[in-house]
Amino acid sequence: MAGAAGADLLCYITPAEHLGLPTPRQVEEGVIAFKIAAHVADTIKLGRRARAWDDEVSRFRGGKLMWREMINRLIDPEKAWAVYTQYGGEPKVRGCTMCGGYCPMLMVMQQIKKVKGEVNG
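K.L.:
I'm lost on the overall build of the protein in this one. Help?
P.N.:
Across its full length, the protein carries five helices and zero strands. Helices and strands in the protein line up, N terminus first, as α-α-α-α-α. Relative to a compact globule of 121 residues, whose C-alpha radius of gyration would be 14 Å, the protein shows 19 Å and is clearly more extended. With the C-alpha coordinates of the protein rotated into their principal frame, the extents come out at 65 × 40 × 20 Å. Burial analysis of the protein (121 residues in total) assigns 21% to the buried set. Total accessible area on the protein stands at roughly 9,000 Å², and carbon and sulfur atoms take up 61% of it. Here the protein contributes 17 positively and 13 negatively charged side chains, and the mean placements of these two sets differ by 9 Å.

The following block contains the structure:
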């Protein structure tokens with residue numbers, strides 16, 4: 001909220017805040033949370049100019065189902081890749097791993113191809 005209101009300085013907080021000295025992983029988690037908060041503040045303050053990154057990630061995720069390209073543009077691509085491949089490598093489905101063949105974006109893309117084929121055929 002402070003960033004959205006115009007604060008020039010934001011602080012990060014680790015999960016260990018006021019409980020003990022943070023581990024390197026907790027510092028990393030705090031920095032990632034900070035980056036997310038700063039980006040949200042920029043999006044509120046700057047609108048469309050700050051949203052370019054979000055739009056790019058959304059196009060790769062939803063519009064194109066290009067998982068590698070999307071993951072490479074995330075705040076913590078290493079962690080995202082670990083989650084994406086946590087069950088033995090890259091998933092075998094084209095759609096998202098939760099929806100599989102019932103992924104709404106995959107279904108939309110299939111319908112678009114079908115309609116284009118009917119129009120051109």
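K.L.:
Got a minute to help me understand the packing of aromatic side chains in this structure?
P.N.:
In this description, a pair of aromatic rings is defined by centroid distance and the angle of the planes. Counted according to the given criterion, the structure contains two aromatic pairs. Cluster of aromatic residues (ring-pair linked, three or more members): Trp67, Trp81 and Tyr84.

K.L.:
Looking at this model, I keep getting lost on the pattern of salt bridges. Mind explaining?
P.N.:
Once the charged atoms of two side chains with opposite charge are near each other, the side chains can pair. Evaluated as defined, the whole model comprises six salt bridges. Here Arg73 makes a salt bridge to Glu56, at a shortest N to O gap of 3.0 Å. Of this pair, Arg73 sits in the loop between α3 (67-72) and α4 (77-84) while Glu56 sits in helix α2 (residues 52-63), and the two are 17 residues apart along the sequence. Using a relative accessible area of 29% as the deciding quantity, one classes Arg73 as partly exposed.

K.L.:
What is the right way to read the nonpolar core from this model?
P.N.:
Generally speaking, soluble globular proteins have nonpolar side chains that are buried together. Of all hydrophobic cores here, the largest spans twelve residues; its members are Val57, Phe60, Leu65, Trp67, Met70, Ile71, Ala80, Tyr84, Cys96, Cys103, Leu106 and Met109. Listed by contribution, the elements that provide at least two residues to this core are α2, α3, α4 and α5 (104-120). Per element, the largest residue contribution to this core is three residues, and it comes from α3. Each residue touching Phe60, except ones within four places of it in the same chain, is listed here: Leu65, Met66, Glu69, Met70 and Arg73.

K.L.:
Looking at this structure, how should I read unusual backbone geometry?
P.N.:
Leaving glycine aside, a negative phi is the common case for residues, and trans is the common case for peptide bonds. Look at His18: it is not a glycine, yet its phi comes out positive at around 65°. Positionally, His18 belongs in the segment before α1 (24-46).

K.L.:
What exactly am I supposed to notice about α1 here?
P.N.:
Between its first and last C-alpha, α1 extends 32 Å over 23 residues, near the 33 Å set by a 1.5 Å rise per residue. Those residues of α1 not exposed but buried are Gly30, Ile32, Ala38, His39 and Ala41. Where α1 is buried, its residues touch α2. The first or second residue beyond α1 is Gly47, which carries a positive phi of 60°.

K.L.:
Would you take a moment to explain the environment of Pro104 for this structure?
P.N.:
With respect to the helices and strands, Pro104 occurs in helix α5. Assessed through its relative accessible area of 48%, Pro104 is described here as partly exposed.

Quick notes on the rules
- Residues numbered from 1 in each chain as written.
- Predicted model: local features only at pLDDT ≥ 70, side-chain atom pairs only at ≥ 80, totals over all residues.
- Heavy atoms only, no water.
- Helix = DSSP H or I, 4+ residues; strand = E, 2+ residues; numbered from the N terminus.
- Rg over C-alpha atoms; globule rule 2.2 N^0.38 Å.
- Buried < 20%, exposed > 50% of the residue type's maximum accessible area, 1.4 Å probe, protein only.
- Areas by Shrake-Rupley, 256 points an atom, 1.4 Å probe, with all protein chains shown as cover.
- Lys, Arg positive; Asp, Glu negative; His and termini not counted.
- Charge placed at Lys NZ, Arg CZ, Asp CG, Glu CD.
- Phe/Tyr/Trp six-rings, centres within 6.5 Å; stacked < 30°, edge-to-face > 60°.
- Salt bridge = Lys/Arg side-chain N within 4 Å of Asp/Glu carboxyl O.
- Core = buried A, V, L, I, M, F, W, Y, C linked by side-chain atoms within 4.5 Å.
- Contact = heavy atoms within 4.5 Å.
- Expected span 1.5 Å × (residues − 1).

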